[in-house]
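Residue-level structure breakdown
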Amino acid sequence: MPPRTVSGKHMKVRADAVSERPDVADVVARFGDAIRSIETDAAGEPVVNVDPERSFEVLEYLRDSQGYDMLKDITGLDLGGGHPLQVVYQLWSTRDSAPLRLKAALPHDNPKLESAFGLWRASDWLEREAYDMYGVIFEGHPDLRRILMPENYEEGYPLRKDFPLRGRFSRAEQTRLALSREMEDLYSLDELAVSGRSGSRRAEPDEGLETQNMILNIGPQHPATHGVLRLVCELDGETIVKCTPHIGYLHTGFEKLSEYRTWNQVIPLTDRMDYLAPMLYNIGYALGVEELLGIEITPRCKVIRVICSELNRVLSHLIWVGTTAIDIGAMTPFLYTFEERERIYNLHEAYAGARMTTSVSRVGGMMADVPPGWLDSVRDFVETFPNTLDETERLLTQNAIWVGRTQGVGAIGAEDALNVGACGPNLRASGVAYDVRKDKPYLDYETYDFDVPIGDHGDVYDRYLVRMEEMRQSLRILEQALDRVPDGPINVDDPRVILPPKSQVMGSIDGMISHFKLVMEGLKVPAGEVWSSIESSKGELGFYLVADGGPKPVRCRFRGPSFMNMSTLPCLVEGELIADLIAVNASIDIVLGEIDR
Amino acid sequence: MLREYIPVLMIFAMSLGAGAIMVIGSAIFSNYRPTTVKKEAYESGMPPVGDARERFAVKYYIVAMLFLLFDVEVVFLFTWGAVFRRLGLFGYVAIMIFIVLLIAGLLYEWRKGALEWD
Amino acid sequence: MGPLSTTAFIISAVAKVLVIFVGWLIVVAGVTLAERKIAAWIQDRSGPNRVGPWGIFQPIADGIKNFAKEEHIPGGASRWLFFLAPIISMFPAFVVIAVIPVAAPLPTPWGLVEVIVADLPIGFLFVMALASLGVYGLTLGGWASNSKYSFLGGVRASAQMISYEVALGLSLVPIFMLAGNVTLPEIVRQQQDALWYVLPLMVGFLFFSVSYFAETNRGPFDMPEAESELVYGFHTEYSAMRMAMFYLAEYANMVTASALMATFFFGGWDIPFWAGDNIGVAADGSIIGATPAWWVTLLTFASFAAKTAFFILVFIWVRWTIPRFRYDQVMALGWKVLIPLLVVYIAVLGGAMLALEAAGIEFGVRYALSLAGINLVLLLLIMFWLDRSRIVLGGAWRQARPQQARSRG
């Protein structure tokens, strides 16, 4: 199947409307010809096309003078068909609660751009991913290596449009390469030097009395890495000199796969990313596509989605508490929380038929209305769950060992947390009150009464407290949502996106045609792009979706919170002990399915 | 009474015998089929780099040396404790001087940072 | 009844060694099951329940499985040390029982038989000496494996166990001081005469139990294993029966520790408030106090078993309730808290005992109660004045704020 290309302009140019925003106008005035054009996306957010030569300057100015202190995403974009390669920066100003997207167009051959590493450490992994997937070379990046693909990957840049879905090499060749990895492909040169395989850092055994640092692999097959994460640690005794996460062991190419599926077919991919909070991902994606389509979902659907979201937030935080407790040595809370998780999984099963891979949402609604009695079961859960929460807190919150193991461990301040790209509860534990549900409300979250818990110290203990409190706040939201579930249809009444009822399909020619077209081709999304995000249990989950009017996405970018949080780990654990590394790694709440995508 | 040591020797023999039986029995009943990968040291599924027996951080050895000092102290205290009530005040004062000296040593180590781990 | 003849002594010794050793093995096997069952109760699970009623044959099934599993030796391992390590670690754990009196003396036609494998005059030192041997098995096992996780576990084990050995030894000194004796049967009798030592040596008991928890590498002190950090620590590379032997050693140590706690601080086989078991043997072999009888021996054994079982329960209970310390915290607790405090405690206790003697109070209930009062004061001081976290946890402690949520928007 040849890669599809986009022809023509895919975005509305409404420069006049956007330049009313003072910050955008200011940038235009200041940088003049460095700004090539200003557009708006489907959601009305400004998109500034900037000269790649001067993108760093613009970013610096935006960060320092316009309050865009949060770098949410850096990703590549290849529209194919002769369009240049683009690098997309998604910024957020915590001061004004405003988004801004920057784009820099680059040639396909030897695309080069100045690295934003000096501005945001968060750009470390994001740029590595853009390099890995699109071959964009970020000059000045300290460690520009492949990140998701293996080090000895030679097939090219997978997310470019000219890259075939199954790769360039034959299956046999791919297997041969995978099995013939040398030490140099598995470890960085620095690590090899420390361990004495090459280089000169190691003191010869007979010289002097120096001790040697040890290179220790923690993961991928390790009880405390929560999946197939590999942390290569340089140890001095038990003190961590340097910790390098190696990811990609679970890389599935969801972003590439999405480009070969219809909009609704992407939904099953989303819950396989974060299998610990699947419904949040289903819903987040559906919201993004709906924003692109410009349709308003029904009131009942909104409330049901809120219920599903908050249930999954609890679900995900529960496993967080349990596994973190295990990693810190307390096994019992794990089983208490798992019992509650089973109850939520039963609710999943009753609604979606699946316990983990729910695929519960559809563009324009849900897969079905909730089964009768389901809401009562949820209410029952909401009423009884606090008992377990209290019991777990009694085991941990005031326990001297727990406190000693978590307080002051892996601490990071508010400014640094923003800079390194922490998000979600980790960011809030550091004292930054950023929650998408409050700052950029979706699903009518602004009409619910709930608090956003915030920590002061940004250590493991505060992350724990924040998540415990978030569960209680989720229960508050659930109570309110259960009280207001309106009657009415769950799906929008729009033949473009939702299958017509069977009676119409059988009874009318219109119904039959729209059914046929939706099934055979899939729903069509008008050309445009949107960067939509929700507050997932682990942080801000962003979907950067680009459509060309066809039945399949041109670009599906999943900006996962775990990926961002994971990239902060090396900053958090330097100089701590192995035990702290395990505690911090657990505390940032990662799910490898989404990191590796 | 030296004959009290006979049962001790017997239980020594039984413990060692039990251990040997377990090791040997297990070696007989199990079948070991080594492969190259199986014989690799476990390091979370990665081929290990570097040696496990290299010049390791010195902190642990400092603890071992401290232990030698204080274990000797404990041995002194054992003998003193057993006759404490017979020795009375004289023994008490004598051992206190000894203890104060050792505690001073411990405090010195503490201040010097020998008990810190990072 | 005089002392046993040599023949009778040998026969009784063989019988005692056999009965106590085999009984011990059964108890250790039972404890492995008990741990899993109790952990299951704590965690709302069923635990083993497939092999026999309530899973009581689970240890046997485990044993068969472990014998039949593949035994693995890593490539770079030092073969002999690798073989030896499990035996070395199991040996001391099984030998210490030799000096623990498990019941009141048993009258037989040939004389009074002490229900103890060996009534050594150096009973106490025997316990200490063997307990410190256990560390070799762990360290060697970790080193011989030639794996980094094992190595780290091994060095952790050696540093931790030798540190706590000092504390363990120091926490026993008060017992020497009070008992003026180092044999365990004598300590039991002293407690019958006065009070269980847990009262006059409350602080000592606290420190002893903490040190022994650390010495057994269990509960919050399982640094050498620390499965979330070091995978399985020193026995990462072990498999099949050799791995099971490390576990057996751990459980045997736990039972020993429980038995020692019962003996040192809870009167051993003594049944409280009952003079019928106050059987003493004078130097010439004549019996002082109550008359020995077989049923008294049984009753006292039951008392000893109940106390030991209780402490085993505490061991299991603690392990499944609280999180694990960090390694530096364990070392800080040993060197910065237990050792200095124990030395001070010994000094205070010595002074108090001298004062009591100067005041003319005879060794007995009043003496013990006075010491208990002093201990209570010390205990409260330690608990409240010496902040429970300032030293160990590096001053990090801050109270959780009950309401840390800030409303926004």
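1. Looking at the overall build of chain B
For chain B, the helix and strand inventory stands at three helices and zero strands. Counting from the amino terminus, chain B carries its helices and strands in the arrangement α-α-α. Over its C-alpha trace chain B gives a radius of gyration of 25 Å, far above what one expects of a compact globule, namely 13 Å for 118 residues. The principal-axis extent of the C-alpha atoms belonging to chain B is close to 70 × 50 × 15 Å. Counting across all 118 residues of chain B, residues that qualify as buried make up 29%.

2. Here's the deal with the overall build of chain A
Scanning chain A from terminus to terminus reveals 24 helices and 16 strands. Against the 2.2 N^0.38 benchmark of 25 Å for 597 residues, chain A shows a C-alpha radius of gyration of 24 Å, consistent with a compact globule. When its C-alpha atoms are laid out on the principal axes, chain A stretches across 90 × 60 × 55 Å. Evaluated residue by residue, chain A yields a buried proportion of 55% over its 597 residues. For chain A, restricting intrachain contacts to residue pairs at least 6 apart in sequence, the fraction spanning at least 24 positions comes to 66%.

3. So, the sheet that holds strand E3 (residues 70–78) of chain A
Residues and elements named next belong to chain A. In spatial order, the strands read E1-E2-E5-E4-E3; together these five strands make up an open sheet with mixed pairing. Edge positions in the sheet fall to strand E1 (35–40) and E3, since each of these pairs with one other strand and no more. Ignoring which end each strand starts from, the neighbouring axes of this sheet average 20° apart. Taken together, the nine bridges between strand E4 (residues 85–93) and strand E5 (residues 98–106) define a ladder with antiparallel strand orientation. By the bridge assignment for E5, glutamine 90 is matched with arginine 101. Sitting on the sheet, helix H4 (residues 123–134) touches E3 and E4, and the angle it makes with E3 is about 5°.

4. Regarding the interface of chain A and chain B
Contacts between the two partners involve 25 residues from chain A and, on the opposite side, 15 residues from chain B. Only helix H6 (183–186), helix H7 (189–194), strand E8 (214–218) and strand E9 (230–236) of chain A provide two or more residues apiece to the side of chain A that touches chain B. Of the residues forming the side of chain A that touches chain B, the biggest block, four residues, is contributed by E8(A). Residue composition of the side of chain A that touches chain B, grouped by class: nine nonpolar, 11 polar and five charged.

5. So, the nonpolar core
Membership of the largest hydrophobic core comes to 340 residues, with the highest contact counts inside it found for Leu170(C), Ile339(C) and Leu342(C). When residues of this core are assigned to their parent elements, the largest contribution, 20 residues, is made by helix H5 (residues 148–179) of chain C. Inspection of this core shows a minimum of three residues originating in each of domain 1 (1–187) and domain 2 (254–596) of chain A.

6. A look at the confidence of the model for chain A
All names here are of chain A. Of the residues in chain A, 94% reach a pLDDT of 70 or more, and the chain-wide mean stands at 84. Per-element averaging of pLDDT across chain A places helix H1 (residues 15–18) at the bottom with 49 and helix H11 (residues 299–327) at the top with 91. Below pLDDT 50 for its whole length, residues 1–16 participates in 27 contacts with residues either more than four positions away or in separate chains. For residues 199–203, every residue scores under 50 in pLDDT, and the model assigns this stretch 10 contacts once sequence neighbours within four places are set aside.

7. Re the pairing of E8(A)
Residue and element names in this part refer to chain A. Buried residues dominate E8, accounting for five of its five residues. Residue alternation in E8 divides its side chains into two sets, Met214, Leu216 and Ile218 and Ile215 and Asn217, and both sets are buried. Here E8 pairs with E9 via five bridges, running antiparallel. Bridge assignment links leucine 216 to a residue of E9, and that residue is cysteine 233.

8. Digging into the interface of chain C and chain B
Between chain C and chain B, the contact holds 67 residues from the first and 58 residues from the second. Of all the secondary-structure elements, those providing two or more residues to the side of chain C that touches chain B are helix H1 (6–42), helix H2 (58–68), helix H3 (79–95), H5, helix H9 (240–265) and helix H11 (327–358) of chain C. Per element, the largest residue contribution to the side of chain C that touches chain B is 15 residues, and it comes from H5(C). When its residues are assigned to classes, the side of chain C that touches chain B shows 44 nonpolar, 12 polar and 11 charged.

9. Some remarks on the sheet that holds strand E14 (residues 528–536) of chain A
Residue and element names in this part refer to chain A. Spatially, E14-E15-E16 is the arrangement adopted by the three strands of the open sheet, whose pairing is antiparallel. Two strands lie at the open edges of the sheet, namely E14 and strand E16 (555–559), each paired on one side alone. Across the sheet, the mean angle from the axis of one strand to that of its neighbour is 10°, orientation sign disregarded. Sheet topology places E14 next to strand E15 (residues 539–547); nine bridges connect them, and they run antiparallel. Bridge pairing links serine 533 to glycine 542 in E15. Strands in contact with helix H10 (residues 278–293) are E14 and E15; relative to E14, the strand with the most contacts, it is inclined by about 150°.

10. Structural notes on helix H12 (residues 332–352) of chain A
For an α-helix, 3.6 residues make a turn, and residues three or four places apart therefore share a direction. For H12(A), with 21 residues, the first-to-last C-alpha span of 30 Å sits near the 30 Å given by 1.5 Å per residue. The secondary structure elements touched by the buried residues of H12(A) are H11 and helix H13 (374–396) of chain A together with H1 of chain C. Positive backbone phi, approximately 90°, marks Gly353(A), located one or two places after H12(A).

11. Let's talk about the environment of Gly522(A)
All names here are of chain A. Structurally, the position occupied by glycine 522 is in the loop between helix H20 (509–520) and E14. Under the C-beta neighbour-count criterion, glycine 522 is labelled partly exposed, with 18 such atoms within 10 Å. Residues glycine 522 and proline 551, spaced 29 residues apart in sequence, show a C-alpha to C-alpha distance of 5.4 Å.

12. Let's talk about the pairing of strand E1 (residues 103–108) of chain C
All names here are of chain C. When E1 meets strand E2 (residues 111–115), the two strands line up antiparallel, connected through four bridges. Residue pairing in the sheet places alanine 103 in a bridge with valine 115 of E2. In this antiparallel pair of consecutive strands, E1 and E2, the connection spans two residues.

Conventions and cut-offs
Residues numbered from 1 in each chain as written. Chains lettered and ligands numbered in written order. Predicted model: local features only at pLDDT ≥ 70, side-chain atom pairs only at ≥ 80, totals over all residues. Helix = DSSP H or I, 4+ residues; strand = E, 2+ residues; numbered from the N terminus. Rg over C-alpha atoms; globule rule 2.2 N^0.38 Å. Buried ≥ 20, exposed ≤ 12 C-beta atoms within 10 Å, placed from the backbone. Contact = placed C-beta atoms within 7 Å. Pairing = 2+ DSSP bridges. Axes fitted to C-alpha atoms, helices over the stretch in contact; angles between N-to-C directions. Nonpolar A, V, L, I, M, F, W, Y, C, P; charged D, E, K, R; others polar. Core = buried A, V, L, I, M, F, W, Y, C linked by C-beta atoms within 7 Å. Domains from an automatic or database assignment. pLDDT = per-residue confidence, 0-100. Expected span 1.5 Å × (residues − 1).

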